[in-house]
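# Observations on the model geometry
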Amino acid sequence: MESARLVNGRLVTGIPNLPRLRELQNMIRNNYRFSAIGVLSRSYGEPFSSGDYAVAWGIVYDLAHTAGRHGMNDTFLDKYIATLKTDLAAALHELSANTPIGGSNDGGLFEAWNPILAEQSLKTFQKVVTGDGRSMSDWERDWRRRMLDVVP
C-alpha cells in the first residue's frame, strides 16, 4: 500500500503514496465524516470509495511506521499480521468444523467466513494496537493527527 520506487536499481519502500496521503489529509482537514473503525470492519463485497482506500492506506502506513509497545522491535503492522494469522486460523478451524460443505450449500463456508473475517480483524486490531487501554476513538483521534504530520 506504499509507493515503492527504484533508486539506483534498488527498490525503496516506505515512501508515502502521495495521492492517498493528500486525499486523506484533505479529508481530515475538511472534517470529512469517515470512520477508520468502519473501514477496518468492512465486510467482503461491500464497496470501497476512494476515500475508504485513502483511510486504509493511512492505517497500514501508520502501523508500518509505528514501533510496538514495550520496546518491541517489530512494528504494530508486524504484530497485527502475526496475531491475525493465529486468530483467524483458530476461527477458520472452528467455522469449518461447524459448516456443512457440498450439495446446494457450495458457498456456505465462504459466505459464513466473510463476517467472521471482518469481526476478527477488528478484534485483533483492538487487541494489538489499542490493547494499552485506549479506546478505538482515542486511537483514531491520535491517528488522524499523525496522518496530518506525514510529510511526503
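Residues numbered from 1 in each chain as written. Predicted model: local features only at pLDDT ≥ 70, side-chain atom pairs only at ≥ 80, totals over all residues. Heavy atoms only, no water.

## A short note on the environment of Val 39
Here Val 39 lies in helix H2 (residues 36–40). When the C-alpha positions of Val 39 and Gly 51 are compared, they lie 9.9 Å apart, and in sequence the two are twelve residues distant. Among residues more than four places away in sequence, those in contact with Val 39 are Phe 48, Asp 52, Val 55 and Ala 56. (Helix = DSSP H or I, 4+ residues; strand = E, 2+ residues; numbered from the N terminus. Contact = heavy atoms within 4.5 Å.)

## Regarding the environment of Val 150
Mapped onto the elements of the fold, Val 150 is located in the segment after helix H6 (136–149). Each C-alpha atom, one on Val 150 and one on Gly 58, is 9.8 Å from the other, the two residues being 92 residues apart in sequence. Those residues within four positions of Val 150 in sequence are excluded, and the remaining contacts are Pro 16, Leu 21, Gln 25 and Tyr 61.

## Some points on the nonpolar core
Ranked by internal contacts, the top residues of the largest apolar core, which has 31 residues, are Leu 24, Val 55, Ile 59, Phe 125 and Trp 143. Looking at this core, the elements that each hand over two or more residues are helix H1 (18–29), H2, helix H3 (50–64), helix H4 (76–98), helix H5 (108–129) and H6. Considering every element that reaches this core, the biggest residue donor is H3, with seven residues. (Core = buried A, V, L, I, M, F, W, Y, C linked by side-chain atoms within 4.5 Å. Buried < 20%, exposed > 50% of the residue type's maximum accessible area, 1.4 Å probe, protein only.)

## A closer look at the packing of H3 against H6
The N-to-C vectors of H3 and H6 enclose an angle of 90°; their axes lie 11 Å apart at closest approach. Judged by the angle between their axes, H3 and H6 are roughly perpendicular. Counted together, Val 55, Gly 58, Ile 59, Tyr 61 and Asp 62 of H3 and Trp 139, Trp 143, Arg 146 and Met 147 of H6 form the full contact between these two elements. (Axes fitted to C-alpha atoms, helices over the stretch in contact; angles between N-to-C directions. Parallel < 35°, antiparallel > 145°, perpendicular 65-115°, else oblique.)

## Side note on the packing of H1 against H3
Two packed helices can be described by the angle between their axes and the distance between those axes. Where H1 meets H3, the closest approach of the two axes is 9 Å, and the angle between their N-to-C directions is 100°. Considering their axes alone, H1 and H3 lie roughly perpendicular with respect to each other. Of H3, the residues touching H1 (which contributes Arg 20, Leu 21, Glu 23, Leu 24 and Met 27) are Ser 50, Gly 51, Tyr 53, Ala 54, Val 55, Trp 57 and Gly 58. Its residues assigned to classes, the contact of H1 with H3 shows seven nonpolar, three polar and two charged. (Nonpolar A, V, L, I, M, F, W, Y, C, P; charged D, E, K, R; others polar.)

## Focus: the pattern of salt bridges
The final tally for this structure, using the stated rule, is ten salt bridges. The residue Arg 146 makes a salt bridge to Asp 62 at a minimum N-O spacing of 2.8 Å. Placement of Arg 146 in helix H6 and of Asp 62 in helix H3 is noted, with a sequence separation of 84 residues between them. The exposure class of Arg 146 is partly exposed, given its relative accessible area of 28%. Note that Arg 141 is salt-bridged to Asp 138, the shortest N-O span being 3.1 Å. Of this pair, Arg 141 and Asp 138 both sit in helix H6, three residues apart, which is roughly one turn of that helix. (Salt bridge = Lys/Arg side-chain N within 4 Å of Asp/Glu carboxyl O.)

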